[in-house]
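Here is how the chains run, residue by residue.
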Amino acid sequence: MKQDATSVIDIHSHFFPPITQAEAASLDPERAPWLQVGDNEHGMIMTGNKPFRPVYSALWDPARRIAEMDEAGVDQQIMCATPVMFGYNYPIALALPWAQRMNDYAIELCAHDPQRLKTLAQVPLQDIEAACREASRAKSIGHIGVQIGNHFGNKDMDDADMLTFLTHCASEDIPLLVHPWDMMGGDQRMKKWMLPWLVAMPAETQLGILSLILSGAFERLPRSLKICFAHGGGSFAFLLGRVDNAWRERDIIREDCPNLPSSYVDRFFVDSAVFDTRALELLVDVMGEERVMLGSDYPYPLGEQQVGKLIRESRFSSQTREGLLSGNARRFFGI
Ligand code: CO
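Note that the structure is a prediction, hence the values are computed from the model and not measured. (Residues numbered from 1 in each chain as written. Predicted model: local features only at pLDDT ≥ 70, side-chain atom pairs only at ≥ 80, totals over all residues. Heavy atoms only, no water.)

**Q** Give a detailed account of the coordination of the cobalt ion, specifying residues and quantitative values.
**A** The reference angle at a metal is 109.5 degrees if four donors form a tetrahedron and 90 or 180 degrees if six donors form an octahedron. Listed as protein donors to the cobalt ion are His-12 (NE2), His-14 (NE2), His-179 (NE2) and Asp-297 (OD); their distances from the metal cover 2.0 Å. One can describe the donor arrangement at the cobalt ion as irregular, given that its four donor atoms subtend angles of 83 to 166° at the metal. When the donor residues of the cobalt ion are listed from N- to C-terminus, their spacing reads H-x1-H-x164-H-x117-D. Of this pair, His-14 sits in strand β1 (residues 9-15) while Asp-297 sits in the loop between β11 (292-293) and α12 (309-312); the two residues are 283 residues apart in sequence, bridging distant segments of the chain. Taking relative accessible area as the criterion, His-14 reaches 2% and is therefore assigned buried. (Donors = N, O, S within 2.8 Å, 3.2 Å for Na, K, Ca; no water. Tetrahedral: all angles 85-135°; square planar, octahedral: opposite > 155°, others 65-115°. Helix = DSSP H or I, 4+ residues; strand = E, 2+ residues; numbered from the N terminus. Buried < 20%, exposed > 50% of the residue type's maximum accessible area, 1.4 Å probe, protein only.)

**Q** Just give me the short version of the state of the cysteines, but keep the residues and values in it.
**A** For the coordinates displayed, the defined rule picks out zero disulfides. Here Cys-132 is not disulfide-linked; the sulfur of Cys-169 is the nearest cysteine sulfur, at 6.6 Å. Overall, Cys-132 belongs to the buried group, its relative accessible area being 11%. Cys-228 carries a free sulfur, and the closest cysteine sulfur to it, the one in Cys-80, is 10 Å from it. Taking relative accessible area as the criterion, Cys-228 reaches 0% and is therefore assigned buried. (Disulfide = S-S within 2.5 Å.)

**Q** Give me the lowdown on the pairing of strand β5 (residues 76-81), citing residues and values where you can.
**A** Most of β5 sits inside the fold, with six of its six residues counted as buried. Pairing of β1 with β5, which is carried by five bridges, proceeds in the parallel orientation. Residue Ile-9 lies in a different strand from β5, and its bridge partner there is Gln-76. Note that β5 and strand β6 (residues 117-121) share three bridges and pair parallel. (Pairing = 2+ DSSP bridges.)

**Q** Mind laying out a negative patch on the surface, listing which residues take part and the relevant values?
**A** Residues Asp-158, Asp-251, Glu-255 and Asp-256 make up a contiguous surface patch of negative charge. Among the structural elements, Asp-251 can be located in helix α10 (residues 251-254). For Asp-251, a relative accessible area of 49% corresponds to the partly exposed category. (Patch = residues over 30% accessible without salt bridge, like charges linked within 9 Å, V, L, I, M, F, W, Y side chains within 5 Å. Areas by Shrake-Rupley, 256 points an atom, 1.4 Å probe, with all protein chains shown as cover. Salt bridge = Lys/Arg side-chain N within 4 Å of Asp/Glu carboxyl O. Lys, Arg positive; Asp, Glu negative; His and termini not counted. Charge placed at Lys NZ, Arg CZ, Asp CG, Glu CD.)

**Q** An account of the packing of aromatic side chains is needed here, citing residue identities and associated values.
**A** With the rule as written, the count across this model stands at nine aromatic pairs. A centroid spacing of 6.2 Å and a plane angle of 20° characterise the contact between Phe-218 and Tyr-264, whose relative ring orientation is stacked. In this pair, Phe-218 is assigned in helix α8 (residues 217-220) and Tyr-264 in the loop between α10 and β10 (269-271), connecting sequence segments 46 residues apart. Here Phe-218 falls in the buried class, since its relative accessible area comes to 3%. The class of Tyr-264 is buried, set by a relative accessible area of 4%. Arranged with centres 4.8 Å apart and planes meeting at 75°, the rings of Phe-332 and Phe-333 form a pair that is edge-to-face. (Phe/Tyr/Trp six-rings, centres within 6.5 Å; stacked < 30°, edge-to-face > 60°.)

Bear in mind that shape data such as this cannot, by itself, settle questions of function.
Here's what the structure looks like:
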């Protein structure tokens, strides 16, 4: 329950709508995701005929979601797609209507309580013109921003098309959440124990941030760009000293990046999903207290189980906690 009057906004939570098998088959009968609901409480995300992940009703039932928000003392929650829904590998003729359908589903979920439930759109990054148009359409129907994966195919955040998309979002005041997905390492080396989530995901996020910094992209992107990286920016904060040292000592790292890597931390935000007080303190120290926002990864098991607990029980001043719990998110998303 809430312990004080500070409002709480969770900026990183996922939904998965009741996609039917027939709907998924229109994208890809073998691999597109859909929801098999066993009873009203439990379900399975399926890809084709294969179980992908066991899930429960908070993912698709907004009333359940609101009840759990009440229990956790969360006032507003920003939902985004579960990355398996992205569809970046398909021809645009299939991927655009798919993204639009997912975005319409998201708005339908929010309609249950539009004040408390907000959502970020997904866009077909494989066709940047279509991605820009869908980002704008999504904004016009009520999405408050866009979630993108940290890469599409072999293209990273410094890809020219990606920068075109980021510039479009900056010009239309569309905030972005970057989520790691399609993790590096493959089945051979990341074979079990959820290693893709524990090792590769933080590295994917680090790759996304460093792609923007070391390519010099931040020199060309407008300062008005609002971009946030999930999971506390992955490995970024802990390894920033290593990157700065490398930049000082090796000219090949300075080649495209004119300024010390750590000087770019004021160009992006991160969420607070780091699960350890010491990590949160380092993160706030590295990023600055105005650039960290509560994000839980709800309702998945690898998310913060008591949303906001890490921040609420931190040693920060009440003013800093207020910023982390809601003030920074309010400014970032304009809500
Ligand atoms: Co997530």
